[in-house]
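# Chain and residue survey
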Amino acid sequence: MNAGRPSSTRLRWWWVGGAALVLAGSLVAGVMVGPIRIPPIEILGTLINKAPFVTIDTAISDRTEAILWEIRMPRVVLAVLVGSMLSAAGAGYQGVFRNPLADPYLLGAGAGAGLGATIAIAYGPATSGWFIDPLPLAAFVGAIGGVALAYLLGYTVRSGRTAVTLILAGVAVAAFLTAIQTFLQQRQSETLREVYGWILGSLNTAGWEEVELVAPYVLVCLFAIFIGRRLLDVLAVGDTEAGTLGVRPGRIRLVIVVFATLGTAAVVSVSGLIGFVGIIVPHTVRLLTSSSYRVVVPLSILLGGAFLVLADIVARVAMTPAEIPIGVVTAMIGAPFFAVILRTSKAVVS
Amino acid sequence: MTAALEFREIDVSFGGTFALHKVSVGVHEGGWLGVVGPNGAGKSTLLRTVAGAVRYGGSVLVDGEAIDGRSQRERARLVSYVPQRPVYPQGMAVFDYVLLGRTPYLGTLASESHEDIEDVWEALEALRLTDFAGRDVATLSGGETQRVSLARVLAQRAPIVVLDEATASLDVAAQHSVLELIDRLRAERGMTVISAIHDLTAAAQFCERIALIDDGRVVAEGTPGEVLTESLLGEVFEPSIRVIDVDGSTVIVSLRVEEDPS
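Quick caveat: nothing in here was measured; it's all calculated off a predicted structure.

## Some remarks on the overall build of chain A
Helix and strand counts for chain A come out as 14 helices and zero strands. Each helix and strand of chain A, placed in order from N terminus to C terminus, yields the pattern α-α-α-α-α-α-α-α-α-α-α-α-α-α. The globule rule puts the C-alpha radius of gyration for 350 residues at 20 Å, and the 21 Å found for chain A is close to it. Its C-alpha atoms give chain A principal-axis dimensions of roughly 70 × 65 × 40 Å.

## Examining the overall build of chain B
Along chain B, the regular secondary structure elements total nine helices and twelve strands. Compactness check: chain B gives a C-alpha radius of gyration of 19 Å against a globular reference of 18 Å for 262 residues, within 12% of the reference. The principal-axis extent of the C-alpha atoms belonging to chain B is close to 70 × 40 × 35 Å. Out of the 262 residues in chain B, the part that is buried amounts to 53%. Contacts spanning at least 24 positions in sequence make up 65% of the contacts within chain B whose residues lie at least 6 apart.

## Looking at the interface of chain A and chain B
When the parts of a complex come together, some accessible area is lost, and that lost area is often used as the size of the interface. Counting from both sides, the interface comprises 28 residues of chain A and, opposite them, 37 residues of chain B. Summed over the three residues of chain A that lose the most area to chain B, namely Arg230, Thr244 and Leu245 of chain A, the buried surface amounts to 24% of that side. The closest approach of N and O atoms between Arg294 of chain A and Asp96 of chain B, which form a salt bridge, is 2.9 Å. At the level of elements, helix H9 (229-235) and helix H10 (239-244) of chain A are the ones that each hand at least two residues to the side of chain A that touches chain B. The residue inventory of the side of chain A that touches chain B, partitioned by class, reads eleven nonpolar, ten polar and seven charged.

## Some thoughts on the pairing of strand S3 (residues 32-36) of chain B
Residues and elements named next belong to chain B. Most of S3 sits out of view: five of its five residues are buried. Alternating positions in S3 separate into two faces, Trp32, Gly34 and Val36 on one and Leu33 and Val35 on the other, with burial throughout. Sheet analysis places S3 next to strand S8 (residues 192-196), joined by four bridges and oriented parallel. Considered in S8, the bridge of Gly34 is made with Ser195. Here four bridges tie S3 to strand S9 (residues 209-214), and the two strands are oriented parallel to one another. Bridged to Val36 within S9 is Leu212.

## A closer look at the side chain of Thr45 of chain B
Relative to the helices and strands, Thr45 of chain B resides in helix H1 (residues 43-51). For Thr45 of chain B, the residues in contact, after removing those within four places along its chain, are Val12, Phe14, Ala19, Leu20 and Val54 of chain B.

## With respect to the pairing of strand S10 (residues 217-222) of chain B
Residue and element names in this part refer to chain B. Pairing geometry for S9 and S10, over five bridges, is antiparallel. Bridge pairing in S10 links Ile213 to Val218. Linking two consecutive strands that pair antiparallel, namely S9 and S10, is a turn of two residues; a positive phi of about 55 degrees is found at Asp215 within it.

## Focus on the environment of Cys207 of chain B
Residue and element names in this part refer to chain B. If you trace the backbone, Cys207 turns up in the loop between helix H7 (200-206) and S9. It is 22 Å that separates the C-alpha atoms of Cys207 and Glu238, two residues lying 31 residues apart in sequence. Setting aside its immediate chain neighbours within four residues, Cys207 contacts Trp32, Gly34, Ala202 and Pro224.

## Focus: a nonpolar patch on the surface
Residue and element names in this part refer to chain A. Where nonpolar side chains cluster on the molecular surface, the patch consists of Ile41, Leu44, Ile48, Phe53, Val54 and Ile56 and spans about 620 Å² of accessible area. Take Ile48: it is sitting in helix H2 (residues 40-50). The class for Ile48 is partly exposed, based on a relative accessible area of 31%.

## Side note on the pattern of salt bridges
All names here are of chain B. Taken as a whole and judged by the stated rule, the model has 19 salt bridges over all chains. The salt bridge partner of Glu6 is Arg8, with a shortest N-O separation of 3.0 Å. For Glu6, a relative accessible area of 23% corresponds to the partly exposed category. Among the charged side chains, a salt-bridge network with shared partners connects Arg102, Asp116, Asp119, Glu122, Arg157 and Arg189.

## Re the packing of helix H3 (residues 62-97) of chain A against helix H8 (residues 208-227) of chain A
All names here are of chain A. Where H3 meets H8, the axes come as close as 10 Å, and the angle between the chain directions of the two elements is 25 degrees. Judged on the interaxial angle alone, H8 and H3 are roughly parallel. Handedness of the crossing formed by H3 with H8: left-handed. Contacts between H3 and H8 involve Trp69, Glu70, Met73, Pro74, Val77, Leu78, Leu81, Ser84, Met85, Ala88 and Ala89 on the former and, on the latter, Trp208, Glu210, Val211, Val214, Ala215, Val218, Cys221, Leu222 and Ile225. Grouping the constituent residues of the contact of H3 with H8 by class yields 17 nonpolar, one polar and two charged.

## Points about the nonpolar core
One recurring pattern in soluble globular proteins: nonpolar side chains tend to sit buried together. Membership of the largest hydrophobic core comes to 159 residues, with the highest contact counts inside it found for Tyr93, Phe97, Leu107 and Trp198 of chain A together with Val98 and Leu124 of chain B. Core analysis: the second largest hydrophobic core is formed by 30 residues, Val23, Val25, Leu47 and Ile213 of chain B among them.

## Some points on the side chain of Thr264 of chain A
Among the secondary structure elements, Thr264 of chain A is positioned in helix H11 (residues 249-271). Excluding anything up to four places from it in sequence, Thr264 of chain A contacts Met85, Leu86, Ala89, Pro104 and Tyr105 of chain A.

## Examining helix H5 (residues 142-156) of chain B
Residue and element names in this part refer to chain B. Under the 1.5 Å per step criterion, the end-to-end length of H5 is 21 Å for 15 residues, consistent within 8% with the ideal 21 Å. In terms of burial, H5 is a largely internal element, twelve of the 15 residues being buried. Restricting attention to buried positions, one finds in H5 the residues Glu144, Thr145, Gln146, Val148, Ser149, Leu150, Ala151, Arg152, Val153, Leu154, Ala155 and Gln156. Count one or two residues on from H5 and you reach Arg157, which has phi positive near 50 degrees.

Rules of the game
Residues numbered from 1 in each chain as written. Chains lettered and ligands numbered in written order. Predicted model: local features only at pLDDT ≥ 70, side-chain atom pairs only at ≥ 80, totals over all residues. Heavy atoms only, no water. Helix = DSSP H or I, 4+ residues; strand = E, 2+ residues; numbered from the N terminus. Rg over C-alpha atoms; globule rule 2.2 N^0.38 Å. Buried < 20%, exposed > 50% of the residue type's maximum accessible area, 1.4 Å probe, protein only. Contact = heavy atoms within 4.5 Å. Buried area = accessible area lost by both parts, 1.4 Å probe. Salt bridge = Lys/Arg side-chain N within 4 Å of Asp/Glu carboxyl O. Nonpolar A, V, L, I, M, F, W, Y, C, P; charged D, E, K, R; others polar. Pairing = 2+ DSSP bridges. Patch = residues over 30% accessible without salt bridge, like charges linked within 9 Å, V, L, I, M, F, W, Y side chains within 5 Å. Areas by Shrake-Rupley, 256 points an atom, 1.4 Å probe, with all protein chains shown as cover. Axes fitted to C-alpha atoms, helices over the stretch in contact; angles between N-to-C directions. Parallel < 35°, antiparallel > 145°, perpendicular 65-115°, else oblique. Left-handed = near helix turned anticlockwise from the far one by under 90°. Core = buried A, V, L, I, M, F, W, Y, C linked by side-chain atoms within 4.5 Å. Expected span 1.5 Å × (residues − 1).

Below, the structure written as structure tokens:
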């Protein structure tokens, strides 16, 4: 009887297919583009040879293979992980706070990571003597610490534990941590350039080591946000109504924030503070498809990865041999692109 | 008669001030209890206690069993709630909005089943909303959104329906048609309805029982004929209220009193 009727705003296969194609295209472009041109056939041959149980004869030199496998591939894979994570975390934050301007740095993750990185750069010991690099660790701990502080403050507010008090607590914590970070930066002005470069973000140092470091966090956190997407739709009607529909808004908010923050802290620790991705990608998905989080979250994961790979290509080649900080690129190409989408779309941003 | 819904000595306080004090009222299975009273009397607060949206002392009973300690999910299977100003998220399709009514039946990680989808279509059909399924819920008119809210209530399949000023923002004709709709659904499905209602004439015409609340206390409870009297309403609202019989229906109006120039 209901044949042919739409069965809710589920993911349409052509949306997923289109987003997957964009991601695949960006991956190919990301691997191909660089100072040394590598033909697609050689890329394909190298990738096949890296797969288990398969070997084919290629004329590719060891040097080219090293460029491809040791430099470009890990960088592209890291860009996908970072872009997907920041986009999904942004969508998650926008859902639990019902705020279109929410991004993964809303509750102090960015300010905390910035402070941690500044301390590591300005006061940290020489890296060579350490078992692990203190910079990513300090940024990771700073990001988690910033959000934990905001939650602690927001949950001890006597007037009530609401999303708004939590956001205000986040604003206060971020302002406080940024003030300390700026103070330390001013005191150690010789490290200013390095700190500033880290804050603007880069995938320059990416190797398989960074990928292996963040991939487990990112995959677990993406999965958690992905399976919470239906509950984000329930939260859209506000805490009171969501509660009367049988869910616990505070608990959902905590779980999503924990995973979004953990994933964000992990990627920020290796890429720096890449801004704008967490806002632009989910909103672009909303404007082009649907505002349901059952659609926004999975498509943001696919397109967030693609967006950052493409942004990284621009960062690498626009001013060769120098690199532009990727945070600058995401804003410079992201903002006009988003403006066009905003002007041409018939959809409304909630 | 077993009361399908009963409030026993409900206390609610905000910052040490009582919003409700020892409120005890009830309504039988399949009945319609209208809660009337001036602004700030505590009507919405009383309704929010049933839905578990506010902390309270005392007890709420459904079919004689206290539901106070039940989880939000269990409660949502018994009670559906439409607040005074429901949130209609921009960009959300009517279908998806009504689908939210199935939330109490879905596990945390589960997706809706074929049966859930069928329940939503059934609710949309009952309220003649099938043509609206793909529309953005935030772009509908006041009367349409009320029907969408009722469709969500139907999809939730809870035996008790709580409506907080469901028709407050509607014009007279739309208000009447929504109230008729609620009455029809109540009769067809045996739902017990409790609603806060400002329009005393509508309360007299649609509710089976009335609880008159003032300053957080029940002033009177009974049939519309027992409660909606000039003396009781004059005491709670203003003395100029008149209760008039028009072709067998009760009409309640407030007369303008000319000030004495002397």
